[in-house]
Amino acid sequence: MVMSRVRFVSRFFLFALLVCAAGVFAQTQPADNSAKPADTVKDTAKSDQGQSPAATPGSNAGEQSKPAAAPAKTDEAQDQSGDPLKRPISEKRKKQNAKSFKHELSEDDKRWLNEDVRWIISDEERKAFMQLSNEEERDKFIEAFWDRRNPNPDSEDNEFKDEHYRRIEYANEHFAAGVQGWRTDRGRIYIVFGPPDEIESHPSGGQYERPMEEGGGETSTYPFEDWRYRHIDGIGDQVIVEFVDTCMCGEFHMTMDRGEKDALAKVPNAGLTLYEQMGMSNKADRFSRGGLEQLGQGPNSASLQAKQFDRLEQFAKLNQAPPIKFKDLAEEVGHRITYNPMPFDVRTDFVKITNETVLVPVTVQIRNRDITFNNKDGVQHGVVNIFGRVTNIGGKVAQTFEDTVAADVPAELLPREAENYKIYWKAVPLHPGRYKLDVVVKDVNGDRMGTYSRGIIVPDFSDDKLTNSTLILADQVEAVPTNSVGTGMFVIGTTKVRPRVAASDSKPAVFKRGQKVNFWMQVYNLSVDEKTHKPSATFEYDIVNATTNKAIVHAVDSSDKMGNLGDQVTLQKAVASANLDPGVYRIQIKVNDNISKQTVVPTATFQVE
């Protein structure tokens with residue numbers, strides 16, 4: 001009985017507690033239906049559509065008559081309202097459109113740009129390629145890129161492209177060092193400039209006798225290589241590129257400092273130069289006097305210091321593909337234009353360098369009267385651009401050259417200088433064989449252009465027979481300083497030879513009375529006596545009046561009176577034209593090899609006025 005009453009009381013109190021809780025919950029609910037979340041969402045949507053939200057029951061009459069302020073429109077809301085053709089585009093949307101328009105480069109395009117042509121594409125071409133917006137434009141660009149470099153545009157095969165990829169393959173096979181061969185310095189130089197003419201390789205380093213240009217003396221070196229190019233267009237002649245492997249890991253990097261290969265450079269009293277051995281210099285001076293190279297002092301140190309800017313310029317040029325300066329002139333060669341409003345004369349000569357290489361000096365002669373002069377501060381100024389190209393029988397470009405010739409004449413002297421000449425000279429190395437020489441000359445001030453196109457045969461100066469270089473008629477022949485041997489305008493070896501050029505109308509080269517008429521020629525492959533180790537030859541010089549066939553000058557030289565000679569002899573003579581009457585003359589040089597019984601008789605014609 002007692003337990004029943006306890007259960008009843010417990011259930012009663014539980015029921016009362018539930019009733020109280022329900023009452024409290026009911027009092028906490030809002031009495032205004034306008035505050036419901038669903039109504040709020042509906043009213044906000046209406047506001048976004050330009051409609052006023054419904055007034056709440058608690059609002060006064062003035063508030064009911066005013067529409068609620070609409071929230072700021074988003075970009076998406078703006079895109080859904082009004083005429084789409086008149087709708088302004090936000091800056092954010094413009095950037096998005098531009099980004100979506102410019103597609104990302106494909107993997108093939110990236111590989112072509114950053115690997116295939118990385119070392120030969122110009123900055124302008126790279127920038128233009130990056131601005132292209134679709135694959136079709138990039139394909140056309142790549143096609144045009146190779147066409148611009150094709151030495152024979154009429155051929156279906158692009159020899160430049162084929163050679164370029166062959167060089168990449170060769171570099172990968174021979175110059176890899178932790179990275180692909182084409183990425184290394186040796187690979188880059190090989191790809192851009194081709195195989196060197198000579199390589200001096202020290203793959204293990206070790207003992208090294210320095211040349212005097214580097215201070216002399218003996219030292220030990222890291223592995224290094226010297227690549228020698230006889231000529232690189234846009235850089236110069238006798239270009240030497242040095243690569244050093246200072247980590248002894250096969251990674252040869254290009255260097256400007258020839259002292260970098262010295263493994264004993266920082267070892268006290270080791271690997272000294274000649275001056276350092278004699279106490280005339282301190283080894284510490286290598287690192288304290290500044291400059292590009294840390295070479296020890298030597299007899300030629302002053303001249304080497306003076307050439308630092310030349311080395312710096314060469315290093316900079318080796319890091320870029322040389323551009324064509326006169327593209328309009330190059331196009332003239334490609335189009336084979338024969339119209340020649342601006343006359344000029346061209347001469348080619350042939351001088352032996354090695355059994356496989358011939359130096360071909362090309363001389364361009366322009367009369368001053370054919371140059372357009374502009375008066376600048378009382379001085380007549382004329383400018384001529386020259387572009388030349390040598391192609392082999394298959395149309396492949398063997399050599400190109402380009403330069404500017406300027407003429408400055410005082411205004412009062414221009415009439416007298418009109419019959420004088422401007423002479424440009426460029427020597428290019430070629431292998432024996434048949435070639436085509438194209439030269440284009442542009443008168444900058446007069447905007448006139450002339451072209452020259454001729455076939456040339458580069459002779460084979462083989463060792464089996466007596467032969468000679470071209471017999472050059474020159475108005476100037478003189479020895480050059482030691483530091484200028486082999487370099488500079490008109491320089492052949494140790495001699496400056498400025499040729500006179502015959503006119504294109506078959507008239508001979510002209511010398512004024514009073515000028516010296518110089519003759520220069522080299523003779524090759526003279527036989528040497530096995531006992532005396534000397535050649536035995538005679539050289540007969542004859543100058544004959546071409547009109548009367550009368551001998552004017554006759555002279556004979558013998559190799560016995562010319563000092564120590566080898567199998568090559570340089571002949572050099574001069575005649576005063578004042579001793580010759582006006583007229584046409586023929587010079588003949590007869591070379592008799594007394595040992596092999598061979599004879600050569602080169603001739604040349606000139607005119608005295």
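For the structure given in this document, a descriptive report is provided here.

Here is what the cut-offs are and how they apply
Residues numbered from 1 in each chain as written. Predicted model: local features only at pLDDT ≥ 70, side-chain atom pairs only at ≥ 80, totals over all residues. Heavy atoms only, no water. Helix = DSSP H or I, 4+ residues; strand = E, 2+ residues; numbered from the N terminus. Polar contact = N/O pair within 3.5 Å; in protein donor to acceptor, adjacent residues only side chain to side chain. Contact = heavy atoms within 4.5 Å. Patch = residues over 30% accessible without salt bridge, like charges linked within 9 Å, V, L, I, M, F, W, Y side chains within 5 Å. Areas by Shrake-Rupley, 256 points an atom, 1.4 Å probe, with all protein chains shown as cover. Salt bridge = Lys/Arg side-chain N within 4 Å of Asp/Glu carboxyl O. Buried < 20%, exposed > 50% of the residue type's maximum accessible area, 1.4 Å probe, protein only. Phe/Tyr/Trp six-rings, centres within 6.5 Å; stacked < 30°, edge-to-face > 60°. Lys NZ or Arg CZ within 6 Å of the ring centre and 35° of its normal. 1 Å grid on protein atoms, 1.4 Å probe; cavity = no way out; pocket = protein on both sides within 12 Å on 5 of 7 lines; lining within 4 Å. Points joined across faces, edges and corners; volume = space filled by probe spheres on them. Nonpolar A, V, L, I, M, F, W, Y, C, P; charged D, E, K, R; others polar. Disulfide = S-S within 2.5 Å. Core = buried A, V, L, I, M, F, W, Y, C linked by side-chain atoms within 4.5 Å. Axes fitted to C-alpha atoms, helices over the stretch in contact; angles between N-to-C directions. Parallel < 35°, antiparallel > 145°, perpendicular 65-115°, else oblique. Left-handed = near helix turned anticlockwise from the far one by under 90°.

Attention now moves to the side chain of Glu125. Structurally, the position occupied by Glu125 is in helix H7 (residues 123-130). Within the structure, the side chain of Glu125 is placed 2.8 Å from the side chain of Arg149, a separation counted as a polar contact. Dropping the residues within four chain positions of it, Glu125 is found in contact with Phe141, Phe145, Arg148 and Arg149.

In this section: a nonpolar patch on the surface. Taken together, Met212, Leu274, Met278 and Met280 make up a surface patch of nonpolar side chains, about 380 Å² in accessible area. By the secondary structure assignment, Leu274 is in helix H11 (residues 274-277). On the basis of relative accessible area, Leu274 is assigned to the partly exposed category, the value being 31%.

Our next topic: the packing of aromatic side chains. Counting across every chain of the model gives 21 aromatic pairs. Here a set of aromatic residues connected by ring pairs shows up, and it is made of Trp112, Phe129, Phe141, Phe145, Trp146, Phe160 and Tyr165. Geometry around Phe141 places Arg148 over its ring, the cationic atom sitting 5.8 Å from the centre. Here the guanidinium or amino end of Lys261 rests over the ring plane of Phe224, the centre of that ring lying 5.1 Å away.

Our next topic: empty space enclosed by the protein. Across all of its chains, the model carries 4 cavities of 30 Å³ or more by this definition. Computed from the structure, the largest cavity encloses a volume of approximately 90 Å³. Where the lining of the largest cavity is concerned, the elements lending two or more residues are strand S5 (236-244), strand S6 (253-255) and helix H14 (308-318). By residue number, the principal contributor to the lining of the largest cavity is H14, which donates 4 residues. Residues that form the lining of the largest cavity fall into these classes: 6 nonpolar, 2 polar and 2 charged.

On to the state of the cysteines. Counted under the stated rule, the structure contains 1 disulfide. At a sulfur-sulfur separation of 1.9 Å, the disulfide partner of Cys247 is Cys249. Disulfide Cys247-Cys249: torsion about the S-S bond near -55 degrees, hence left-handed. Exposure remark for Cys247: the relative accessible area of 40% places this residue in the partly exposed category.

Bringing the nonpolar core into the picture now. Among the nonpolar cores identified, the biggest contains 41 residues, and Val364, Ile386, Val439 and Val441 are the most heavily contacted of them. Within the residue set of this core, elements represented by two or more residues are strand S9 (358-367), strand S11 (379-392), strand S12 (397-410), strand S13 (421-430), strand S14 (433-443), strand S15 (448-458), strand S17 (472-479) and strand S21 (516-524). Ignoring any residue separated from it by four or fewer positions in sequence, one finds Val364 in contact with Phe344, Asp345, Val346, Ile386, Lys422, Ile423, Tyr424, Val439 and Val441. Counting residues in each nonpolar core, the second largest holds 31 residues, with Tyr190, Ile235, Phe243 and Phe252 among its members.

At a minimum axis distance of 12 Å, the contact between helix H6 (residues 107-116) and H7 shows a crossing angle of 170 degrees. In terms of their interaxial angle, H6 and H7 are classed as roughly antiparallel. The chirality of how H6 crosses H7 is left-handed. Packed against H6, whose contacting residues are Asp109, Trp112, Leu113 and Asn114, the element H7 presents Arg126, Phe129 and Met130 at the interface. Its residues assigned to classes, the contact of H6 with H7 shows 4 nonpolar, 1 polar and 2 charged.

A separate point is the pattern of salt bridges. With the rule as written, the count across this model stands at 22 salt bridges. Note that Asp262 is salt-bridged to Arg210, the shortest N-O span being 2.9 Å. Highlighted residues: Asp262 in the loop between S6 and H11 and Arg210 in the loop between strand S2 (206-209) and strand S3 (218-221), separated in sequence by 52 residues. A residue is classified by how much of its surface remains accessible, and Arg210, at 8% relative accessible area, is buried.

In this structure, the second largest pocket occupies an estimated 670 Å³ of space. Lining the second largest pocket are 29 residues, and of these Gln365, Arg367, Glu419, Tyr421 and Val510 sit closest to its centre. Sorting the residues of the lining of the second largest pocket by element identifies S9, S13 and strand S20 (509-511) as the ones contributing at least two each. No other element matches the 3 residues that S9 contributes to the lining of the second largest pocket.

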